[in-house]
Amino acid sequence: MTDRLNGISVFVTAVEAGSFALAASRLHLSRSAVGKTIARLEQRLAVRLFHRTTRSLSLTDDGALFYERCLRALEEIRTAETLLESGKQQVSGRLRVSMPVLFGRMCIAPLLTSLAREHPGLELELSFNDRVVDLIEDGFDLAVRNGALPSSSGLVARSIGDHRMTLCAAPAYLQQHGEPENLEQLTQHDAVTYMRAGVVRNWLIPDNGGKVQEVMPNKRLQMDDLQAMADATVAGFGIAWLPCWLVREALLKGELVRLMRDRPGMSFEAHAVWPQTPHLPLKVRLAVDTLVSKLPPSLAQVEKAL
């Protein structure tokens, strides 16, 4: 077992160094010893890990796959060593998290950076992207996703909170066009709408009985960026259906007005999602626990203020 772990450490160092010679220098070994260790590892695994020439060293497809898994394994070993040394729930190593751009920036990132402040050895890599990433293929430890989740046997999900939507418009727009009192009137107004993958998303408006009605607004502006939508709505281009956490400041300042407040707002569930594994890494568990405990109160505080 020790030989296997030593081989993995040498392999990872060789990948990161970009050459056997530099890896040997970092490990205080001879270049020959590094080469023989890699050769034994390839023989045991029955795959070729590197493309080698006299001038370059690059990973094969098998090598790249093996490297990602080895990196995670070594990080877990380092985390375990840290826990044993400190006797505390301190984590270290890199945590890669994917999240939606605005929701991530405004609601998720502050909570995770606070976690990193509590654990100085934790290195955060936060990726802000509205596309649904492949966690395993793209090498992410964790992702935050909004709305319904597609079924996947390779992933585990946990609810971390709900965020509510609201209809809103600028006072100047309402002064000129009037305020809608029902859904029929709502469809006659200009709208700033969200578009994703070329498709405009309809508005989902619940009634007091909980039945959701789908509204197709009169699309004046179509955008695939929520912040741009909020800015256009403040500028008076029409009515928009936006998350409360995004328009909170504009509502409190009077730049926007909530509409049809007698109807309950539609809410969407947010989830933390991670690759299924027999042993959940401590850094992932702490990140998920942080989001579960701190995100709902944060979102509730936003809605209460409105």
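Further up the page is the structure itself.
Structure report, in brief. (Residues numbered from 1 in each chain as written. Predicted model: local features only at pLDDT ≥ 70, side-chain atom pairs only at ≥ 80, totals over all residues. Heavy atoms only, no water.)

1. Comments concerning the layout of surface pockets
(1) Moving on: For the largest pocket, the calculated volume is near 900 Å³.
(2) Moving on: For the lining of the largest pocket, the secondary structure elements donating two or more residues are strand E3 (93–99), helix H5 (101–118), strand E5 (142–146), strand E6 (155–169), strand E7 (190–196), strand E9 (203–206), helix H9 (226–234) and strand E12 (239–243).
(3) Moving on: The residue inventory of the lining of the largest pocket, partitioned by class, reads 23 nonpolar, seven polar and six charged. (1 Å grid on protein atoms, 1.4 Å probe; cavity = no way out; pocket = protein on both sides within 12 Å on 5 of 7 lines; lining within 4 Å. Points joined across faces, edges and corners; volume = space filled by probe spheres on them. Helix = DSSP H or I, 4+ residues; strand = E, 2+ residues; numbered from the N terminus. Nonpolar A, V, L, I, M, F, W, Y, C, P; charged D, E, K, R; others polar.)

2. Quick word on the environment of Ala14
(1) Moving on: If you trace the backbone, Ala14 turns up in helix H1 (residues 2–17).
(2) Moving on: With 40 residues separating them along the chain, Ala14 and Thr54 place their C-alpha atoms 15 Å apart.
(3) Moving on: Once residues lying within four places of it in the same chain are set aside, the contact partners of Ala14 are Ser19, Phe20, Ala23, Phe50 and Leu57. (Contact = heavy atoms within 4.5 Å.)

3. As for the packing of helix H2 (residues 20–27) against helix H3 (residues 31–45)
(1) Moving on: Across the interface, H2 lies against H3 with an axial gap of 8 Å and an inter-helix angle of 105 degrees. Here H2 lies roughly perpendicular to H3, going by the angle between them. Residues Phe20, Ala21, Ala23 and Ala24 of H2 form the contact with H3, whose participating residues are Arg31, Val34, Gly35 and Ile38. (Axes fitted to C-alpha atoms, helices over the stretch in contact; angles between N-to-C directions. Parallel < 35°, antiparallel > 145°, perpendicular 65-115°, else oblique.)

4. What to know about empty space enclosed by the protein
(1) Moving on: A full pass over the atoms with the stated rule returns one cavity of 30 Å³ or more.
(2) Moving on: Computed from the structure, the largest cavity encloses a volume of approximately 70 Å³.
(3) Moving on: At four residues, the largest contribution of residues to the lining of the largest cavity is made by helix H4 (residues 61–86).
(4) Moving on: Among the residues forming the lining of the largest cavity, the class breakdown is one nonpolar, one polar and six charged.

5. Quick word on the pairing of E12
(1) Moving on: Among the five residues of E12, five are classified as buried, and the element is accordingly described as predominantly covered.
(2) Moving on: Two elements, E7 and E12, share two bridges in a ladder whose sense is parallel. Within E12, the position partnered with Val192 by the bridge is Ala240. (Buried < 20%, exposed > 50% of the residue type's maximum accessible area, 1.4 Å probe, protein only. Pairing = 2+ DSSP bridges.)

6. Some details on H2
(1) Moving on: For H2, every residue scored as buried is listed here: Phe20, Ala23 and Ala24. The arc that holds the buried residues of H2, viewed along the axis, is 100 degrees, so those residues lie on one side.
(2) Moving on: Of the residues trailing H2, His28 is marked for its positive phi of about 60 degrees. (Arc of directions from axis to C-beta.)

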